[in-house]
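# Per-entry structural report
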Amino acid sequence: EFFHTVVLTGRIKGKPPVSAMLIANPERGKTSIVLEKQCEAILPLTDVTGKGLQFLCQMSPKTSHFIIADMGVVMAHSHVAREYFFSILLPMLEEGIRAAATPAGFSQTPNGRRAIVGCITTPQARDNRKWWMQRGIARRMVPFHFEYPMALILKIKAEIDKDRTAEFSNAEVLKIPEVSLSVEVKEAETKEIRRISDLRAIKLEQLGISLLKNYRLLAKAHAILRTWKNPIVTQDDINFLKRIDPYVDWKDPAIL
């Protein structure tokens, strides 16, 4: 539900799509979640560079989210390649990549604003958190940090004992609107989103400006997930924010 809602932020009129990071230890199904369904709004990637981001923004105009199934691969690049990747990523997430002049020539990127959904392990997230915060990456993304309860682990092992596997089909399509939609947020829901966001910002040691924007967009996108016809944020969408809020943390996971 969280992943689908993040993708639908790319269909909110006049607003940048929300980026997210799925954080969990190995064997928790992060990759399966982001590859479970496909649509024109998402483009799964095994690896990508800064130049690659520029190229994809030019060649994939209908894509709102690039899926990086293992951020550890990107972080394993050379220091120079990694720094360049993040130097391109930052403007792409906010104001958008517009034009670039290099020795290879001049290129323009119409609508160069995109988002990413990355997957990374808990130790990698903790190790890189300070580095990401210093560069402004952390505040541009919503982390979703989770762990399995022991009961679920035992249930999964019981299924393995029966030679059953957790299979998924990436041929399934995530249905999204063809055009961008406007979503109304009334005063009562605005105040509640603000309250939830401010409390989480304190725990994240952030001012909370970017987080408030992202929480509002997630509430709006969840309204679209419920209905495309005259979507409006209701208590159902506030309850969604309350459900995901405990997982929004770079250091410590919450139990599913």
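Residues numbered from 1 in each chain as written. Predicted model: local features only at pLDDT ≥ 70, side-chain atom pairs only at ≥ 80, totals over all residues. Heavy atoms only, no water.

## Quick notes on helix α9 (residues 209-226)
For α9, built from 18 residues, the straight-helix expectation of 26 Å at 1.5 Å per residue is met to within 8% by its first-to-last C-alpha distance of 26 Å. Among all positions in α9, only Ser210, Leu211, Asn214, Tyr215, Leu217, Leu218, Ala219, Lys220, Ala221, His222, Ala223 and Ile224 are buried. Buried residues belonging to α9 abut α1 (2-8), β8 (141-147), α8 (187-204) and α10 (235-244). (Helix = DSSP H or I, 4+ residues; strand = E, 2+ residues; numbered from the N terminus. Expected span 1.5 Å × (residues − 1). Buried < 20%, exposed > 50% of the residue type's maximum accessible area, 1.4 Å probe, protein only. Contact = heavy atoms within 4.5 Å.)

## Side note on the nonpolar core
Core analysis: the largest hydrophobic core is formed by 75 residues, its most contacted members being Phe2, Phe86, Met92, Trp132, Leu218 and Leu241. If one sorts the elements of this core by residue count, α9 sits on top with 8 residues. Setting aside its immediate chain neighbours within four residues, Phe86 contacts Met71, Met75, Trp131, Trp132 and Ile137. (Core = buried A, V, L, I, M, F, W, Y, C linked by side-chain atoms within 4.5 Å.)

## Some remarks on the packing of α8 against α10
For the pair α8 and α10, interaxial distance at closest approach is 10 Å and the crossing angle is 5°. In terms of orientation, α8 lies roughly parallel with respect to α10. From α8, Glu189, Glu192, Ile193, Arg195 and Ile196 reach across to α10, where they touch Ile238, Leu241 and Lys242. Residues that form the contact of α8 with α10 fall into these classes: 4 nonpolar, no polar and 4 charged. (Axes fitted to C-alpha atoms, helices over the stretch in contact; angles between N-to-C directions. Parallel < 35°, antiparallel > 145°, perpendicular 65-115°, else oblique. Nonpolar A, V, L, I, M, F, W, Y, C, P; charged D, E, K, R; others polar.)

## Some thoughts on the environment of Pro177
Here Pro177 is to be found in the loop between β9 (172-173) and α8. Here Pro177 falls in the buried class, since its relative accessible area comes to 4%. For the pair formed by Pro177 and Gly10, sequence separation is 167 residues and the distance between their alpha carbons is 9.9 Å. Apart from residues lying up to four places away in sequence, Pro177 is in contact with Leu8, Arg11, Ile224 and Trp228.

## Focus: the pattern of salt bridges
A complete count under the given rule lists 14 salt bridges for this structure. The salt bridge partner of Glu187 is Lys191, with a shortest N-O separation of 3.4 Å. A residue pair is termed a helical-turn pair when its members lie 3 or 4 positions apart in one helix, as Glu187 and Lys191 do in helix α8 at 4 residues. Lys191 shares its class with Glu187; the two are exposed. (Salt bridge = Lys/Arg side-chain N within 4 Å of Asp/Glu carboxyl O.)

## Side note on the pairing of strand β3 (residues 42-45)
Where β3 meets strand β4 (residues 65-68), 4 bridges bridge the pair, whose relative direction is parallel. Bridging across to β4, Ile42 finds its partner in His65. For the crossover that starts at β3, traverses helix α3 (residues 50-59) and ends in the parallel β4, the hand is right-handed. (Pairing = 2+ DSSP bridges. Right-handed = clockwise from strand over helix to strand, strands pointing away.)

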